[in-house]
Structures are given as structure tokens and as C-alpha cells.
2 protein chains.
Amino acid sequence: MASIKEVAKLAGVSVATVSRVLNDKGYVGQHTREMVEQAIKELNYKPNEVARSLFKKQSSTIGLIVPDIMNPYFPELARAVEDTASKFGYNVILCNSDEDKVKEQAYLDMLQQNYVNGIIVSSNTMTAEQVIKLNIPVVSIDREISKGLPTIVVENMKGAHTATRYLISKGCSRIAHIRGPQGVVNADERCEGYREVVQQESWFSESYIVDGDYDMESSIEATLELLKTHPEIDGIFAANDIMAIGAMKAANQLGTKVPDELAIVGFDGIKLSSVTIPELTTIVQPIYEMGEKATKMLVSLMNQQEVGQTYYKFDVDLIERNST
Amino acid sequence: MASIKEVAKLAGVSVATVSRVLNDKGYVGQHTREMVEQAIKELNYKPNEVARSLFKKQSSTIGLIVPDIMNPYFPELARAVEDTASKFGYNVILCNSDEDKVKEQAYLDMLQQNYVNGIIVSSNTMTAEQVIKLNIPVVSIDREISKGLPTIVVENMKGAHTATRYLISKGCSRIAHIRGPQGVVNADERCEGYREVVQQESWFSESYIVDGDYDMESSIEATLELLKTHPEIDGIFAANDIMAIGAMKAANQLGTKVPDELAIVGFDGIKLSSVTIPELTTIVQPIYEMGEKATKMLVSLMNQQEVGQTYYKFDVDLIERNST
DNA sequence: TTGAAAGCGATACCAA
DNA sequence: TTGGTATCGCTTTCAA
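Owing to the predicted nature of the structure, the values given are computational and were not obtained by experimental measurement. (Residues numbered from 1 in each chain as written. Chains lettered and ligands numbered in written order. Predicted model: local features only at pLDDT ≥ 70, side-chain atom pairs only at ≥ 80, totals over all residues. Heavy atoms only, no water.)

1. Thoughts on the relation of the copies chain A and chain B
The operation linking the two copies of the chain is a rotation about an axis combined with a translation along the axis. Applicable threshold: Only residues with pLDDT of at least 70 in both copies contribute their C-alpha atoms to the least-squares superposition of the copies. Residue contacts are defined here by distance: any two heavy atoms, one from each residue, within 4.5 Å place the two residues in contact.
Each copy of the sequence occupies a distinct position, and chain A is placed on chain B by a rotation of 180° and an axial shift of 0.0 Å, giving an RMSD of 0.1 Å. In the structure described here, the two chain copies are related by an operation that fits a two-fold rotation axis. If distances are taken from each C-alpha of chain A to the rotation axis, the shortest is found for A:Ile93, at 2.2 Å. Interface overlap between copies is the fraction of interface residues in one copy that are interface residues in the other; for chain A against chain B it reaches 100%, indicating a shared surface.

2. Topic: the UniProt feature "domain: HTH lacI-type" (unreviewed entry) in chain A
As a reminder of what qualifies: UniProt positions are given in the numbering used here, feature names are shortened, and annotations may be inferred rather than shown by experiment. Segments assigned H or I by DSSP are reported as helices when at least four residues long, segments assigned E as strands when at least two residues long, and all are numbered from the N terminus.
UniProt tags residues 2-56 of chain A as "domain: HTH lacI-type" (unreviewed entry). The span residues 2-56 of chain A carries 71% helix and 0% strand; its end-to-end C-alpha distance comes to 21 Å.

3. Re the pairing of strand β9 (residues 263-268) of chain A
Residues and elements named next belong to chain A. Operational definition: Partly exposed describes any residue whose relative accessible area lies between the buried limit of under 20% and the exposed limit of over 50%, with all areas from a 1.4 Å probe on protein chains only and scaled to the type maximum. When DSSP finds two or more bridges between two strands, those strands count as paired. By convention a crossover is right-handed if, when the strands point away from the viewer, the path from the first strand over the helix to the second runs clockwise.
The buried fraction of β9 is high, at 6 of 6 residues. Residues Ala 263, Val 265 and Phe 267 point to one face of β9 and Ile 264, Gly 266 and Asp 268 to the other, with burial holding for every one of them. Sheet topology note: the strand β8 (residues 235-238)/β9 ladder contains 3 bridges and is parallel. Counterpart to Gly 235 in the pairing with β9 is Ala 263. A crossover links β8 with its parallel partner β9, the connecting element being helix α11 (residues 241-254), and its sense is right-handed. By the bridge criterion, 4 bridges tie β9 to strand β10 (residues 281-284) in an arrangement that is parallel. Paired with Phe 267 across the strands is Ile 283, a residue of β10.

4. A closer look at the packing of aromatic side chains
Going by this rule: In summary, the pairing rule links any two rings of Phe, Tyr or Trp, Trp by its six-membered ring, whose centres are within 6.5 Å, and it sorts them by plane angle into stacked for under 30 degrees, edge-to-face for over 60 and tilted for everything else. Counting as a charge over the ring demands two things of the Lys NZ or Arg CZ atom: a distance within 6 Å of the ring centre and an angle within 35 degrees of the ring normal.
With the rule as written, the count across this model stands at 12 aromatic pairs over all chains. Between A:Trp203 and A:Tyr208, the aromatic rings sit 5.3 Å apart at their centres with planes inclined by 50°, giving tilted as the arrangement. In this structure, A:Trp203 and A:Tyr208 share a single accessibility class: buried. A centroid spacing of 6.4 Å and a plane angle of 45° characterise the contact between B:Phe237 and B:Phe267, whose relative ring orientation is tilted. In this pair, B:Phe237 is assigned in strand β8 (residues 235-238) and B:Phe267 in strand β9 (residues 263-268), connecting sequence segments 30 residues apart. Summarising the burial analysis for this pair, B:Phe237 and B:Phe267 share the class buried. Clustering of aromatic rings is evident, with ring pairs tying together A:Tyr194, A:Trp203, A:Phe204 and A:Tyr208. A:Arg190 extends its terminal NZ or CZ atom over the ring of A:Phe267, reaching a point 3.8 Å from the ring centre.

5. Concerning the interface of chain A and chain B
A common way to state how big an interface is: give the accessible area lost once the parts meet. In plain terms, the rule: By definition, the buried area sums, over both parts, the 1.4 Å-probe accessible area that each loses when the two are put together. Any Lys or Arg side-chain nitrogen found within 4 Å of a carboxyl oxygen on Asp or Glu counts as a salt bridge. We define a polar contact as two N or O atoms separated by no more than 3.5 Å, with the added condition that, inside protein, one atom must be a possible hydrogen donor and the other a possible acceptor, whereas residues neighbouring each other in sequence contribute only through side-chain atom pairs. Residues are sorted three ways: Asp, Glu, Lys and Arg are charged, Ala, Val, Leu, Ile, Met, Phe, Trp, Tyr, Cys and Pro are nonpolar, and all the rest, Gly among them, are polar.
The partner chain B presents 46 residues to the 46 residues of chain A that form the contact. Each partner contributes to the roughly 4,200 Å² buried at the junction of chain A and chain B, and carbon and sulfur atoms together form 62% of this total. The three residues of chain A that bury the most area against chain B are A:Arg79, A:Gln113 and A:Ile277, which together make up 18% of that side's buried surface. Put simply, chain A and chain B have 8 salt bridges between them. In this structure, A:Lys249 and B:Glu279 form a salt bridge, with 2.6 Å as the shortest nitrogen-oxygen distance. The tally of links from chain A across to chain B stands at 18 residue pairs in polar contact (both at pLDDT 80 or more). Looking at the side of chain A that touches chain B, the elements with two or more residues in it are α4 (49-56), α5 (74-87), β2 (91-96), α6 (101-113) and α11 of chain A. Residue classes in the side of chain A that touches chain B are distributed as 23 nonpolar, 11 polar and 12 charged. As defined by bridge partners, β2(A) adjoins strand β2 (residues 91-96) of chain B across 2 bridges and the pair is classed as antiparallel. Pairing of A:Val92 across the sheet is with B:Leu94, part of β2(B).

In C-alpha cells form, the structure reads like this:
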């Protein structure tokens, strides 16, 4: 790879001048500029980003920390982030944290050492202190780290209300909830939303809420158990789509017909939800849009531009399909 | 962030000495070492990776170029690559090429300018020339760029044989194939494998092979059309899982029972395939393992170590589930 | 066993 | 309008 020096030599000018035409900054004579551009073309010169980064203390790279890219929620998010970052001239370093505090901190250190300009993170375990110490713009997505930090989330409560009320409107009279992990904010909120709707129903009991782990296995088990102890259940609101699919599988195992005998609603609106048979009714999050917004916000933050709002709560929509 | 200079000053030594203890290279007195380590701890010093990269002309980063991380095949691959890279101390920059030659070249340039140590790429459009010009180790995965370049692929033909023969063994007597895009090597191979098995069957006709685009939409349409013109079909081998699921949906639309009236086999073994109802019988690729192998191979290549084999053709397995 | 200094490849200030 | 040069933070030779 040719360096700026070689370009300068070939063009018969100083490196300072080459740098000026490169960055279109400062005065450069018309003729000189042409000479330089010619040399650049001739050598197929591309500026060395590492050297640039060292000087600028910025690497035109952002970090994306997700629990696990294999979790179907995140590929769409990652795609949105990468698309948007790319549009603004940034690269993205992908990090899978497994929600592990040690790994997370290691990734943060690594990103900092690599002069990333900013970080987008989805994590339950990260603390405000960790983030602030970095001294790098960070946008939190899907899960809120701390009030005051830039955050993109969705209307979890409202979505849960919608889902639950919808099941009622569909004629369900015994509605259970498979919740996400205790302590995970969005799981707690979705559960709370469900609870608010069914609380004063005469039939409601705490045993209508069962624990899942946001994955299919846990949900299948939970549903099997649930339907055994409460055969009267005719509606399930699962806290995410994977668990809703798990519930469908469990129902299928038991020979319970979906949606005729049991209606199921999920949450997230991942691509997967439209792939099942029957297709899943779900509360969709605008995942791509959220990733896009997070990245745009991060870019503004990185450029020290005025960023009006730093907290966005995106609306969610009920998509009615065949599981209800 | 503290720099090596500050550490040197605090420890009362030169930066050269600090560098020596950092890299555990060259002579350092026991006492001196302790002083330096103390200073490092005190300042919570972390070496600046960008400066290191500039000097070394290596950035301990690898690039991963995939068509689209939202395509369900790639999250697992990406996870494998990131896990393995991380284990060896490398970061991964994620690139979505959309199989677009212009984007691909732009990413290659970017990666080169960022001094990545190596690249893992899945692409149909990339040429050997592009790769060689980079002068950076590149491993191609899932799709072969050119003989001679490090490559990880699977037994596409064999998998197609297995799938087709299996359908026959299940009693299917009219087996169709929904193929992937023309010109894409693995699609061509899978189609060829199918053809070899059914070619001399008296019932076989070219119209049993229909074009799909490796996505669900195209497959639904293709299957609808197929089943209309050939209602006698009782088995379908789809060239990937997404299309197999599309076929299931089409069958469902037409009221055709899977697997009773129509058996369906997919290819790839993505996580999705075990989520459908009925679960999909498919030819599984060891995706994670392939990503791991690709990364390990790349690491060896980057370290200029002896790499015996640079071409791996992974075996595939039939997983029998409920769609057949 | 240690330190001084020359790079790595850019940018940007200050002079000319 | 241009060039010389210090600088970013590190590694590595060469001398001491």
C-alpha cells in the first residue's frame, strides 16, 4: 500500500499538501491539486485509517455489543446498525457478551483501546458507572441501563396491555402469561402490563403467570406444565416470540388446537414469527427502525452535535395473524 | 486514558522499558519490572491498540463479509467466527455485502485500510483477483471463490443425494426440487445432486425442477405453481431450509397435509428448521464448526504458520424430523 | 539491563 | 499557497 509520502514525492509536493487535498481543507492551488490527484490515482493510494485514527483519537468505528447474535432479535438490529453506520462512514465491531459482566467489560476495554467513536449496547447487566467511565458516547437499546443515558426502548407495558386485551376481545376467558427472566426490565414490564389487565378478573390467580427464560425450551416446559395444571386456559400471552412459538409447540404436542382451543400472542415481531404455521399474532417492535435511530443518535453524539432527545420509547403494533 | 509515557514517568523508567514489560520481551530487571507493573496498575493503563497497529501494520482485527446477517444462515456463522476470533485475541468487523460487487470492494478497501489481519468472506461475486490483490489472508466459506484459495464448503452433491434418496425411501414416487439461484455454486450442486438421483426415473421431467431464490416468497410461489401443474407430487427437496418452509406454507395454503400427502426436506439445518410445526427434516451443515474452522485456519494463515490443508469439504447429515 | 531515538502514516500548526 | 515539523502512542534497534 502506497503511503502519503510516496504520493507527495510522485506529485512533487509535500505531504502537508497531499493531506490538504485529501481532506479538502486549507488552500491548494488548482494545478497542485490536479498533480496530487493524478499521483493518487496512479498509485491507487488509499489513506491509512490506522494512522488517521492515531492522530485523531477516533477510529470511525463503532462497537455493537449484543447478548448473542444468534438470538433472532439481534440480526435485524445488527443489520440496521451496520447499514446506518456504513452510510455515515463508520465500521462496526460485533461483540457477543452472553450477558456476562466479565466479557462485557473486556469488550468495553477493547473498544476503548481501539478508539471506537461510540458504542451501541443491549445489556441488562451493564451499569451506568461502567458506561460513564468510558468517556465515549454510548446508546443503550432494547434495555435501559440508567435514566439519563441515551436509550431506545419500546412501550412494553402498552404492548402487553394490547396483547392481553386483544386476547380478551377474541373471546378468551382464561389468559395466562409466560414471562421473561425475573429482573430483566422489559420482561418485568411486559408482565406488569399483563397483570394490570387481568388483575381484577375473578378468575385470575398468580399461578397464571409462569417463568420462562426468553427461549424455546423453557417455554415448552412451562406451557406443558401450565396446560396440565390449568386445562381451562384458552389464551396465552408470551413475553417474546420464541416463547410464543414454544407455546405453540407444546400445544401441538398435547393435541391442543391453535387457535381454535388456544390463542397465542407473542412479542417482538421477529421475522421468525411469520414463518410458523399458523403464523404468530404478535406485538411487533420496529426493530430495524430502532437500530437506525440508535445509530443516528450515536453519530450525532459522536459529532458533538445538538441531540435534542436522548430517550425514545418506540410504539409497538399488534399484528394479527393466525395464532389467534 | 493514560499513555505509556505517563507510566514510564511514574515508574521512573523509559518508555522502552515499559514496552518491554508490556510485551514480555527483552531483558527487564526484576525490581524494574515490579515498579512498572505497579505504575500500570496505579494508572489503570491499557495499551493503545491503534498505536500498536500502526507500528505493526496489523490490527488484531478480522473482517467478516456476509451477504446479509439477517439471512438465518449467517448469525450462527458470525457467532462462531466472533467466538473463535475472540479466543485468539481478535475483533471482528461485520460487513453486509448484499452480494453487491461495489459494496464488496468498498468493504475490502476499508478493511485493508484498517490493517485487518485477515478476512472471512461468503460471496458468489468476489473474484480471485480481488482477493489476491489485497495481500491479506482470506478464507472463503460456504461458497468457493476459486480453486487454490482457502475454502470451507460442504458436501452439497452428497447432501442432495441423501435428501432425494431419503424421500424415495419414504415412499415418495414423484419428487420435485426447488432449486436456488442459477449460477450460485451451491445451488447448482444441490440441483445436480438431485438430478443424478432422479434422472433415470421414468416419471422425471425437467418441469419437476423449479427456480427459487433462496427465500420464502419465491418458494411459496414456486410451490403453489408446482403443485398446481403437478398435483401428483408427493415429495419436495428444497435447496435450503427457508424455501422448504415456504413449501410447507404453500402446502398448508392448498390444504395439502405435510407429511402425509407431501413430504418435504430442506438443506442447511438452520435453527429455524426446528421451530416449525411440523419440524423440518433437513440436511444439516455443521455451521458453527465451519465458522470455527475457518477462523482457526485464518489465524494460522495470519501468523504465517504451517497450514496443511486449505480446502475443507464438511460432511452433512440428514436429520429426520416430522416433515417427512 | 536500560535509555535514546527512529520510525509507523497520517494531521495541523506555524512560517515562509 | 506551500512546506517543515511536531505530534498521536507504541515498538524496536542501537548504544551505553
